[in-house]
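# Observations on chain architecture
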Amino acid sequence: MKKNPFTGLGIAMVTPFNEDGSIDFPSLERLTESLVSNGADFICVLGSTSEVPCISPSEAEDIKRTVVRVNKGRLPLLLGMSDNCTARLVNAIRTTDLTGFDGILSAAPSYNKPRQEGIYRHFAAVASATKLPVVLYNIPGRTGVNITAATTLRLARDFDNIVAIKEASGNITQIEDIMQAKPQNFDVISGDDAITYELIGLGAAGVISVIGNSLTALFSRMIHDQLEGRGEEAREIHRQLNDIYKLMSVDGNPAGIKALLSLQGRIKDVLRLPLIPATEQTHDELRKALAHLPTV
């Protein structure tokens, strides 16, 4: 029986803010309902796209409660829980109310730059602290350290509840090494929208997506076409989205996706410092790209 409930199109949810910087809960509710209703397969709450370093613990609890309430158990929910102090993270996992969540997404410790043995022991402690499924998150561009294929495979074999890795290293060779040698019930999930088409072709089980906040139905169709063997149809959508993939990252994440959502009238284009909104040029290019996309 498959252990990983996080396959297909997962969404790394943004946090909508009001002009004064407070959380826009009505927009968060509408966004959650839109994701559930338009083809998302699971939702990731309080990941890096949510601007989680700038969200207070009490705000995080309010966000969690809101998404759980609106979701009503319809989709699996994955909760971002990361820290560069292993003991503090383990304590948080053990003491946090995880009602309504189906798993934990945890990034490699940032800033400390541990050796691979330290990374292994960190995630061993995380896995031992919970019975929930754990998804590793490898994003060396943010954390400063790479989880190697050997470390990923060691964790996958040693802990039954480590069920997948969100791979955002961009290292196709490393990702392929994981997919070739992984246990049967361990999955690779793309952490980069722009290469998800290729990674699913290599055997990835899905994506935790940024662009899916906005273009949920279209991106879901691409993901499921590729997963279900309709490669030509998936490739056509992938190429239609190519310009928007690039615009998602040119001013940093989540500036690009918040610009896109604001152009659709779904959230305000507000980020918390030190992050700032995308440039006017990016807004103009996104507006043009949106005009040429097919409707779903």
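Look up a bit, the structure's there.
These notes cover the structure that comes with them. A quick note: this is a predicted structure, and the numbers were derived from the prediction, not measured.

What follows concerns helix α3 (residues 86-95). Structural remark: α-helix, 3.6 residues per turn; residues separated by three or four positions point the same way. Residues Leu89, Val90 and Ile93 constitute the buried set of α3. Down the axis of α3, the buried set is contained in an arc of 100°. They therefore lie on one face. Summarising the geometry of α3, the exposed residues directed more than 90 degrees from the buried face are Ala87 and Thr95.

Another aspect to go through is the side chain of Ser50. Turning to its location among the elements, Ser50 is positioned in the loop between β2 (42-45) and α2 (57-71). Beyond its immediate stretch of four places on either side in the chain, Ser50 contacts Met13, Val14, Thr15 and Ile55.

This brings us to the pairing of strand β1 (residues 8-12). Looking down a regular strand, the side chains alternate between one sheet face and the other. With 5 of its 5 residues buried, β1 lies for the most part within the structure. In the sheet, β1 pairs with strand β8 (residues 206-209) via 4 bridges, with the strands oriented parallel. Counted as the bridge partner of Gly8 is Gly206 from β8. In the sheet, β1 pairs with β2 via 3 bridges, with the strands oriented parallel. Looking across to β2, one finds that Ile11 is bridged to Ile43.

The subject of this paragraph is the packing of helix α1 (residues 25-37) against α2. Where α1 meets α2, the axes come as close as 9 Å, and the angle between the chain directions of the two elements is 40°. Relative to α2, the element α1 is oriented oblique. Crossing angle aside, the handedness with which α1 passes α2 is right-handed. Contacts between α1 and α2 pair Phe25, Leu28, Glu29, Thr32, Glu33 and Val36 from the former with Asp62, Ile63, Thr66, Val67, Arg69, Val70 and Asn71 from the latter.

Attention shifts here to the sheet that holds strand β7 (residues 187-190). Here 8 strands make up a closed barrel; going around it, the order is β1-β2-β3-β4-β5-β6-β7-β8 and the pairing parallel. Sheet twist, expressed as the mean angle between neighbouring strand axes with direction ignored, is 25°.

Side chains carrying opposite charge are able to pair once their charged atoms draw close together. Counted by the stated rule, this structure contains 13 salt bridges. For Glu59, the salt bridge is made with Arg272, and the minimal N-O distance between the two is 2.8 Å. You can see Glu59 sitting in helix α2 and its partner Arg272 sitting in the loop between α12 (255-263) and α13 (280-291), a full 213 residues away along the chain. Residue Arg272 is classed as buried on the basis of its relative accessible area, which comes to 15%. Here Arg287 ties to Asp284 by a salt bridge, and the two come within 2.9 Å at their closest N and O atoms. Of this pair, Arg287 and Asp284 both sit in helix α13, separated by 3 residues, roughly a single helical turn.

What follows deals with the nonpolar core. Phe219, Leu241 and Ile244 are the most contacted members of the largest nonpolar core, which has 83 residues in total. Ranked by residues supplied to this core, first place goes to helix α4 (residues 116-128) with 6 residues. Apart from the residues within four sequence positions on either side, Phe219 is in contact with Leu9, Asp193, Val207, Ser209, Ile211, Leu241 and Tyr245. Ala12, Phe42, Ile139 and Ile189 belong to the second-largest nonpolar core, a separate cluster that totals 15 residues.

It is worth spelling out the environment of Leu275 at this point. Topologically, Leu275 is positioned in the loop between α12 and α13. If we ignore the near neighbours within four places in the chain, the residues touching Leu275 are Glu51, Asn253 and Pro254.

Quick notes on the rules
- Residues numbered from 1 in each chain as written.
- Predicted model: local features only at pLDDT ≥ 70, side-chain atom pairs only at ≥ 80, totals over all residues.
- Heavy atoms only, no water.
- Buried < 20%, exposed > 50% of the residue type's maximum accessible area, 1.4 Å probe, protein only.
- Helix = DSSP H or I, 4+ residues; strand = E, 2+ residues; numbered from the N terminus.
- Arc of directions from axis to C-beta.
- Contact = heavy atoms within 4.5 Å.
- Pairing = 2+ DSSP bridges.
- Axes fitted to C-alpha atoms, helices over the stretch in contact; angles between N-to-C directions.
- Parallel < 35°, antiparallel > 145°, perpendicular 65-115°, else oblique.
- Left-handed = near helix turned anticlockwise from the far one by under 90°.
- Salt bridge = Lys/Arg side-chain N within 4 Å of Asp/Glu carboxyl O.
- Core = buried A, V, L, I, M, F, W, Y, C linked by side-chain atoms within 4.5 Å.

Any functional reading would require information beyond the geometric quantities listed.
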